[in-house]
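# Fold and geometry: a report
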Amino acid sequence: MSSEVLSIESEEDGDRLILRFIGEIDETSDFSVVGDIKKKKVIIDLARIVSLNSLGIRNWVFWIRSIPDSIRVEFTNSPRVVVDQLNVLQGFKPMDAVVTSFELPYFCDACGFESALMLHRGKDYSEGTADVREQITYKSSIPCTKCGEDMEIDVLEKKYFHFLKYRS
Ligand SMILES: [Zn+2]
């Protein structure tokens, strides 16, 4: 995969600001281009993040922390590279931020094809709370669109869904 400098597209939609992150999050990533957020809600679309390195993550966390608590933050279309961070780094998203969708990767042993299904909050999963355990429903296999064999989940589910657990 060739190097792709991060770009951030922003779009205003009523009281929402939509930010689309595209490319690699690394030491050159400049989040200051976002500026002060004047909307009540910010939707961060992560679909096109291809990779994150440790210095990039550090910059990301500084930026995320700079968003005032009064602004509701949502993470949408989280790819595997982001879910991995959500699982290992509690500060990757603000405490109250909601993950509204994330991808579940599948792999075909027969032909090597990789794919993913997007899981949606409210429909496919809900986070754990102090009172209720997290809920998640998903297919353990899906048909391969290349060869027709069964594709299996390409992650360790227990680890991958860890970020949905309630953290006090
Ligand atoms: Zn296949």
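The structure under discussion appears in the preceding block.
Here's what I pulled together on the structure shown here. (Residues numbered from 1 in each chain as written. Predicted model: local features only at pLDDT ≥ 70, side-chain atom pairs only at ≥ 80, totals over all residues.)

### Notes on the environment of Phe31
Turning to its location among the elements, Phe31 is positioned in the loop between strand E2 (16–25) and strand E3 (41–52). On the neighbour-count criterion, Phe31 (18 C-beta atoms within 10 Å) is partly exposed. The sequence separation of Phe31 and Thr137 amounts to 106 residues, and the corresponding C-alpha distance is 35 Å. Not counting residues up to four positions away in its chain, the partners in contact with Phe31 are Asn59 and Trp63. (Helix = DSSP H or I, 4+ residues; strand = E, 2+ residues; numbered from the N terminus. Buried ≥ 20, exposed ≤ 12 C-beta atoms within 10 Å, placed from the backbone. Contact = placed C-beta atoms within 7 Å.)

### With respect to the nonpolar core
Membership of the largest hydrophobic core comes to 16 residues, with the highest contact counts inside it found for Phe21, Ile25, Leu46, Ile49 and Val83. Broken down by secondary-structure element, the contributors of at least two residues to this core are E2, E3 and helix H2 (80–88). Once you skip the residues sitting within four places of it in the chain, Ile25 turns out to touch Leu6, Ile49, Leu52, Gly56, Ile57 and Trp60. (Core = buried A, V, L, I, M, F, W, Y, C linked by C-beta atoms within 7 Å.)

### Considerations on unusual backbone geometry
Here the phi dihedral of Asn77 falls at roughly 55 degrees; this positive angle occurs in a residue that is not glycine. Mapped onto the elements, Asn77 comes out in the loop between strand E4 (72–76) and H2.

### Description of the sheet that holds strand E1 (residues 7–13)
Read from one edge to the other, the open sheet built from five strands follows the order E1-E2-E3-E4-E5, with strand pairing classed as mixed. Only two strands of the sheet have a single partner each, and these edge strands are E1 and strand E5 (98–99). Relative to E5, E4 is paired through two bridges, and the arrangement is parallel. Opposite Phe75, over in E5, you have Val99 as the bridge partner. On the sheet, H2 packs against E3 and E5 and is oriented at approximately 105 degrees with respect to E3. (Pairing = 2+ DSSP bridges. Axes fitted to C-alpha atoms, helices over the stretch in contact; angles between N-to-C directions.)

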